[in-house]
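Take a look at the letters that make up each chain.
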Number of protein chains: 2
Amino acid sequence: MSRVYNFSAGPAVLPEEVLKEAQAELLDYNGTGMSVMEMSHRSKAFDEIIQSAEADLRELLNISDDYEVLFLSGSATHQFAQVPMNLMKNRVADYIITGQWSKKAYQEALIYGKANKIASSEDKTFSYIPDCSDLPVSPDADYVYICENNTIYGTKFKKLPNTKGKILVADVSSCFLSEPMDVEKYGVIFGGVQKNVGPAGMSIAIVRKDLITDDVLEGTPTIMKYKTQADAKSLYNTPNCWDIYICGKVFKWLKKMGGLEVMKKHNEDKAKILYDYLDSSKMFKGTVVKEDRSLMNVPFVIGDKDLEAKFIKEAESNGLKSLKGHRTVGGMRASIYNAMPVEGVKALVEFMKKFEEENA
Amino acid sequence: MSRVYNFSAGPAVLPEEVLKEAQAELLDYNGTGMSVMEMSHRSKAFDEIIQSAEADLRELLNISDDYEVLFLSGSATHQFAQVPMNLMKNRVADYIITGQWSKKAYQEALIYGKANKIASSEDKTFSYIPDCSDLPVSPDADYVYICENNTIYGTKFKKLPNTKGKILVADVSSCFLSEPMDVEKYGVIFGGVQKNVGPAGMSIAIVRKDLITDDVLEGTPTIMKYKTQADAKSLYNTPNCWDIYICGKVFKWLKKMGGLEVMKKHNEDKAKILYDYLDSSKMFKGTVVKEDRSLMNVPFVIGDKDLEAKFIKEAESNGLKSLKGHRTVGGMRASIYNAMPVEGVKALVEFMKKFEEENA
């Protein structure tokens, strides 16, 4: 077996030791004589899996009893509708547009009410985070919405916006568990799990309990009410058991690694290696203003399409995979999530140096 | 490793050879150096996985180009809303109530319009399929809805209802690919995959192309429009890649087994062993009228709660797992899906005989 360094933006690299455990247990989980894929979601064995996944996640993020943790069938894209369906009581919400995903969420909210763009960085291809210290928050806004880390453009909110007392809703798909977060500052935190946590096919939502009510927009499917899943402990429908199982293993791995403070340090160290090189290179350039750079997604360009294609191709044949930038942006992007070892980033930088020398 | 016989109603037993392949490939799929769980859904390797899954499914069910095959994030419960959202143009639909799932689908449809119960077997605890040869179909009904196999109660439509020209929509979660079906008779066929096809966390919908339009109910989330996913070839959002991969392996296994005619014969043979014993036993009784018996889910009772509890407990310790009936019904239920080997059914019947002798 020869594992590569996988810089995919999502689905993305998972901890090798998690995969090895899943492999060993695949036909017989913990002496049950069956795979987790075959196991009733109402069985004792699965109950332990989901309970300990929730407990470990609560511990990692220091989530208080004021919040529900929901494991939800469907993708983060479902949440783009689910957020307004559950929260848009006044049919008004404010969106900060920092990339394609917040824009999609904004467009989805327009189906349900008056969504306002109160800040945007679209003028400069989303290469920065707009100043959010004094936003024109709508007086009747039900919430203010951000995408906290922008996978495609490689920016991150280093400081949360001043919502002037309004509920903050954040899509954290691509930075979830990459560093500590102060959950109490949010009304809803959600993310697709396929970037930093587990395989694609599920989202996790952390929702403040007072926001979970039966008072949802007319026409909301029962399964898309947060209350339905909160009341049923995420088991209203058959959940994505395999995903919860893998996520649970990743949570345990994160705890073993030392928790989110330690992961943050790891991630900063890894990102620094790549950003320092980008800042010194004459060939490769980062695309994001320094103060808003993501620790997770690092887009960069050469500025010559042929050379970029050559770079991506040669990187592939050197075991450095999925470095092509998002199809809407071009160039390159290295996603260096929690599970990317520092050796992977070092190997990438070494290869970039060599490529720069050879193609100067 | 000691595998058990797993009679769970879903998630349920999967073919052991599929699990073994998935295990072998878990850290390195087909020389890519990564797991399918880690792989971009836009990669060449995954493109081949989803394309061949669709092609094999089309071959197994003989699905014509008049139909789209959609791999959808979310559960069959999402479809309970998605069906009316996409099809209920007149805000009228007719439901045939043969169990808890069709009842839930009916209740969900009431959110969106006038849903009519045009037949029901609730009067006798859903132990039969009502006569559907001359139904009071509503003149303006957008569709007629059935749950074709009733997992909880163990009944199956052996003959499709006469819909008097209306579109037939069928939830086939628990009989999907257990026998051939004439796809052309349906407008929409859908199912959660976690019973007969793959791990929980996805549904498959087979939708007649002329029913896939932008003309959906107001308030329908973008991701819940069939057109969104049809246009995007099921890749509008990040799909459940792992599930598509496992389902694809199950499709290949079914082809290798000889296809759905052969599976039907296997399933009839297996079910006969159990039903014949139930018909001869003085202790155990099937709960369903003979002509409507499911090949997949076989509920049975003793009629003595203590003895039933003893039976389930002793069966467990003999490697016959998950035989407890649904919590809303009680008694026992053996789900004997495609992947349950005949040896499992024989072992169950042998154990039942022994239990009957010992407890007569």
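Residues numbered from 1 in each chain as written. Chains lettered and ligands numbered in written order. Predicted model: local features only at pLDDT ≥ 70, side-chain atom pairs only at ≥ 80, totals over all residues. Heavy atoms only, no water.

Visitor: What's the story with empty space enclosed by the protein in this structure? I'm lost.
Guide: One simple way to see leftover space: roll a probe sized like a water molecule over the atoms. All names here are of chain B. The full count for this structure, using the stated rule, is five cavities of 30 Å³ or more. Approximately 50 Å³ is the volume found for the largest cavity. In terms of lining, the largest cavity is formed by Ile152, Thr287, Pro299, Phe300, Val301, Gly325, His326, Val329, Gly330, Met332 and Arg333. Mapped by element, the contributors of at least two residues to the lining of the largest cavity are β12 (297–301) and β14 (332–335). (1 Å grid on protein atoms, 1.4 Å probe; cavity = no way out; pocket = protein on both sides within 12 Å on 5 of 7 lines; lining within 4 Å. Points joined across faces, edges and corners; volume = space filled by probe spheres on them. Helix = DSSP H or I, 4+ residues; strand = E, 2+ residues; numbered from the N terminus.)

Visitor: Help me understand helix α1 (residues 16–24) of chain A, please; the structure alone is not making it clear to me.
Guide: Owing to its 3.6 residues per turn, the α-helix brings residues three or four apart onto one side. Residue and element names in this part refer to chain A. Those residues of α1 that sit buried are Val18, Leu19 and Ala22. Taken down its axis, α1 places every buried residue within 95° of arc, on the same side. Among the structural elements, α6 (241–257) are those in contact with the buried residues of α1. (Buried < 20%, exposed > 50% of the residue type's maximum accessible area, 1.4 Å probe, protein only. Arc of directions from axis to C-beta. Contact = heavy atoms within 4.5 Å.)

Visitor: I'm lost on the layout of surface pockets in this one. Help?
Guide: In this structure, the second largest pocket spans a volume of roughly 1100 Å³. Forming the walls of the second largest pocket are 44 residues, and the residues nearest its centre are Ser40, His41, Arg42 and Ser43 of chain A together with Ser8 of chain B. Tallied by class, residues from the lining of the second largest pocket come to 14 nonpolar, 19 polar and eleven charged. (Nonpolar A, V, L, I, M, F, W, Y, C, P; charged D, E, K, R; others polar.)

Visitor: Looking at this model, I keep getting lost on the interface of chain A and chain B. Mind explaining?
Guide: Frequently, the measure chosen for interface size is the accessible area removed from exposure when the parts meet. On the side of chain B, 60 residues touch chain A, which itself brings 61 residues to the contact. Counting each side, the surface lost to burial between chain A and chain B is near 4800 Å², with a carbon and sulfur contribution of 60%. Area buried by chain A at its contact with chain B is led by Leu27, Met37 and Glu38 of chain A, which between them contribute 15% of it. Here Glu38 of chain A and Arg3 of chain B are joined by a salt bridge, their closest N and O atoms 2.7 Å apart. Where chain A packs against chain B, one counts 19 residue pairs in polar contact (both at pLDDT 80 or more). Mapped onto the side of chain A that touches chain B, the elements with two or more residues apiece are α1, α3 (76–87), α4 (100–109) and α6 of chain A. (Buried area = accessible area lost by both parts, 1.4 Å probe. Salt bridge = Lys/Arg side-chain N within 4 Å of Asp/Glu carboxyl O. Polar contact = N/O pair within 3.5 Å; in protein donor to acceptor, adjacent residues only side chain to side chain.)

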